[in-house]
Amino acid sequence: MIFTQLIQANLQTNKLGKKIEYYARLESTNAAAMALVEAGEGEEGTVVVTDRQTAGKGRRGREWYSAPGRGLAFSVILEPEIAASDSGLLSLSAGLAAVEALERFDLQPRLKWPNDIFLSGKKCGGVLVESKIQSDTMTHAVVGTGVNVNEITEDFPDDLKPDVTSVAIEKGSPVQRELMLAWMLNSLERLYGQLREGGTQPVINDWLERCAHVGSIITFLQGEKEESGTFAGLTPWGGAVIETEKGEQHLSGEDISVL
């Protein structure tokens, strides 16, 4: 069970996490949060969190596995009122917020564009942002984050075991999920505030410092075609700058998927 009082006791936020909707079991925290938005009941800062997510979603329709009672799966409702073209920056901010929280547990997480979180070269988390757009403005966003926290190797399906890890595996001991969530919300509110005020460059700089593949040759899918190039950095709107044989390309998370 996740104790909402413990989350809120460690918050340093003005809005994020002041209202928490806890569910013992949910198919998807993003779906539940978006349903609140659609019903007009999702005020900004509301957090939806579950102890067991049965149908978590990743990018491009992929499934996100979460071990019951061990992982962390939550979504935050935001009202960004930013240009839809800057939506990639919100995803980067959410990934960076998760990494900053993990660093407080004496870990060295790394990011893979746009929003995958790695420990020791293995995936331990990710972010999925879903939004409502009106007149080229992002009016609402649901920021979903999933992190493997207290899983042990045996918790993961056999096909995932070689490629995934958890905080507990890397530290050699479990950690308090409530504290981790609070720290993520504290970081996200600060980064989100910077983004809304137009302070995008600090987010970009801090994200690049923690990126696992800047300057490296990466393989990526563009549509259904596999291509490769050097990941050179980020655009001002949070897209990927990739140097290929065709020249420099600026691509969004909707355009490509880094393998």
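Residues numbered from 1 in each chain as written. Predicted model: local features only at pLDDT ≥ 70, side-chain atom pairs only at ≥ 80, totals over all residues. Heavy atoms only, no water.

Trainee: Teacher, can you tell me more about unusual backbone geometry here?
Mentor: One can expect most non-glycine residues to show negative phi and most peptide bonds to be in trans. The omega torsion across Trp 113 and Pro 114 is 0°, close enough to zero to call that bond cis. Note on placement: Pro 114 falls in the loop between strand E7 (110-112) and strand E8 (116-119). A positive phi is found at Asp 106, a non-glycine position, where the angle reads about 60°. Mapping Asp 106 onto the fold places it in the loop between helix H3 (87-103) and E7. (Helix = DSSP H or I, 4+ residues; strand = E, 2+ residues; numbered from the N terminus.)

Trainee: I tried to follow helix H6 (residues 200-209) on my own but got confused; where do I start?
Mentor: Two residues of an α-helix separated by three or four positions point the same way, owing to the 3.6 residues in each turn. Every buried residue of H6 is accounted for by Val 203, Ile 204 and Trp 207. The buried residues of H6 occupy an angular sector of 95° when the element is viewed end-on, so they sit on one face. Of the surrounding elements, those touching the buried residues of H6 are H3, E7, helix H5 (177-196) and strand E12 (225-234). (Buried < 20%, exposed > 50% of the residue type's maximum accessible area, 1.4 Å probe, protein only. Arc of directions from axis to C-beta. Contact = heavy atoms within 4.5 Å.)

Trainee: I keep staring at the packing of aromatic side chains and nothing clicks. Help me out?
Mentor: Any two aromatic rings considered together are summarised by their centre-to-centre distance and by the angle between their planes. One pass over the structure, following the stated rule, counts one aromatic pair. An angle of 50° between the planes, with centres 5.0 Å apart, marks the rings of Phe 105 and Trp 183 as tilted. One end of the pair, Phe 105, is in the loop between H3 and E7; the other, Trp 183, is in helix H5, with 78 residues separating them in the sequence. On the basis of relative accessibility, which here comes to 10%, the residue Phe 105 falls in the buried class. Judged by relative accessible area, Trp 183 falls into the buried class, the value being 14%. One residue, Arg 104, lies across the ring of Trp 183, its end atom 3.9 Å from the ring centre. (Phe/Tyr/Trp six-rings, centres within 6.5 Å; stacked < 30°, edge-to-face > 60°. Lys NZ or Arg CZ within 6 Å of the ring centre and 35° of its normal.)

Trainee: I'm lost on the pairing of E12 in this one. Help?
Mentor: For a regular strand, side chains alternate in direction, first toward one face of the sheet and then toward the other. Where strand E11 (residues 217-222) meets E12, six bridges bridge the pair, whose relative direction is antiparallel. Of the residues in E12, the one forming a bridge with Leu 221 is Glu 226. Taking the residues between adjacent antiparallel strands as the criterion, E11 and E12 are bridged by two residues, where Gly 223 takes a positive phi near 70°. Where E12 meets strand E13 (residues 240-244), four bridges bridge the pair, whose relative direction is antiparallel. When the bridges of E13 are listed, Phe 231 appears paired with Ile 242. (Pairing = 2+ DSSP bridges.)

Trainee: Help me understand the nonpolar core, please; the structure alone is not making it clear to me.
Mentor: Side chains of a nonpolar character, in soluble globular proteins, are inclined to be buried together. In terms of nonpolar packing, the biggest core is built from 60 residues, with Leu 72, Phe 74, Met 180, Leu 185 and Phe 231 touching the most fellow members. Per-element accounting of this core gives the leading share, eleven residues, to H5. In this structure, Ala 32, Ala 33, Met 34 and Ile 77 belong to the second largest nonpolar core, which totals nine residues. (Core = buried A, V, L, I, M, F, W, Y, C linked by side-chain atoms within 4.5 Å.)

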